[in-house]
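Secondary and tertiary structure notes
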Amino acid sequence: MTGTQQTGVVVTDIARADAATIDALGVHGVATVHEAMGRIGLVGADIRPIQDGSRIAGSAVTVLSWPGDNLMIHVAIEQCQPGDILVVSTTSPSVDGAFGELFATALAQRGVRGLVTTTGVRDVVDLREMGFPVWSSAINAQGTVKATAGSVNVPVVVGGVVVRAGDVVIADDDGVMCVPRADAESVLAASDSRVEKEAADRAAYQGGELSLDRKGLRDVFRDLGGRYVTESEFEAEHGGR
């Protein structure tokens, strides 16, 4: 929960980033965008994919639920549009299985690209077979109730990162990250530049150049006190093996 955020609210008119910008960020993927954005935005290693090989990006539709309660996921489906990603968090930690195949069926019908959740998920075999991508903190068959009003499209916290409705969420095998909606275009430009630089590095390495020299790291190593010695010098300094 973020600060004094009240529950029982559904925000219906969220703004979204340009669709082409979102798709381009998705092509770059989590690691590239994370680096290009200054190594921020990652939700952390606790949110992991339940499948391999999926890479998506979309506009966040956020859900703030109470622990052990999935009522607000039902409420949120109505607010989803094609290209969105549903992002679910709870007012206190909970890994109950709040999401399963029926929710995925409803979301897929609306063009939602996937789910990121701090809760648990279940029906994992079915989710994999239907190709609905999910990133969650747990796989857990524990059921939930529908008894307490939460909120939709309010700021939520996922792994220490604040995700606001309409932010760009990127998810792949490397994890999940959030790009603030207002920064999407500038982050894309920085990501494009990073890809170009990496392409030049790749070509150099394929030609035999060492990253140690290309990136000027030999001097960095020496400046930090590093040095090169022969085996006999090492043994003399350290009393043999």
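The structure we're discussing is the one just above.
It should be emphasised that the depicted structure is a prediction, and the values quoted were computed from it without experimental measurement.

Describing the packing of helix α1 (residues 19-28) against helix α6 (residues 184-206)
Contact geometry of α1 with α6 gives a least axis separation of 10 Å together with a crossing angle of 35 degrees. The way α1 lies across α6 gives a crossing that is left-handed. Facing α1, whose interface residues are Thr 21, Ala 24, Leu 25 and His 28, α6 presents Ala 184, Glu 185, Val 187, Leu 188, Ser 191, Asp 192 and Val 195. Here the contact of α1 with α6 is composed, by residue class, of 6 nonpolar, 3 polar and 2 charged.

Side note on the environment of Asp 167
Structurally, the position occupied by Asp 167 is in the loop between β9 (161-163) and β10 (168-172). A C-alpha to C-alpha distance of 17 Å links Asp 167 and Arg 55, two positions 112 residues apart in sequence. Those residues within four positions of Asp 167 in sequence are excluded, and the remaining contacts are Gly 58, Ser 59, Ala 60, Val 162, Cys 178, Val 179, Pro 180 and Arg 181.

Thoughts on the pattern of salt bridges
Any two side chains of opposite charge can pair, on the condition that their charged atoms come close. Applying the stated criterion to the full structure yields 11 salt bridges. For Asp 84, the salt bridge goes to Arg 16, with nearest N and O atoms at 2.8 Å. Here Asp 84 is found in strand β3 (residues 84-90), whereas its partner Arg 16 is found in the segment before α1, with 68 residues between them in sequence. On the basis of relative accessibility, which here comes to 0%, the residue Asp 84 falls in the buried class. Put simply, Arg 214 and Glu 209 hold a salt bridge, and the shortest N to O gap is 3.5 Å.

Definitions and cut-offs
Residues numbered from 1 in each chain as written. Predicted model: local features only at pLDDT ≥ 70, side-chain atom pairs only at ≥ 80, totals over all residues. Heavy atoms only, no water. Axes fitted to C-alpha atoms, helices over the stretch in contact; angles between N-to-C directions. Helix = DSSP H or I, 4+ residues; strand = E, 2+ residues; numbered from the N terminus. Left-handed = near helix turned anticlockwise from the far one by under 90°. Contact = heavy atoms within 4.5 Å. Nonpolar A, V, L, I, M, F, W, Y, C, P; charged D, E, K, R; others polar. Salt bridge = Lys/Arg side-chain N within 4 Å of Asp/Glu carboxyl O. Buried < 20%, exposed > 50% of the residue type's maximum accessible area, 1.4 Å probe, protein only.

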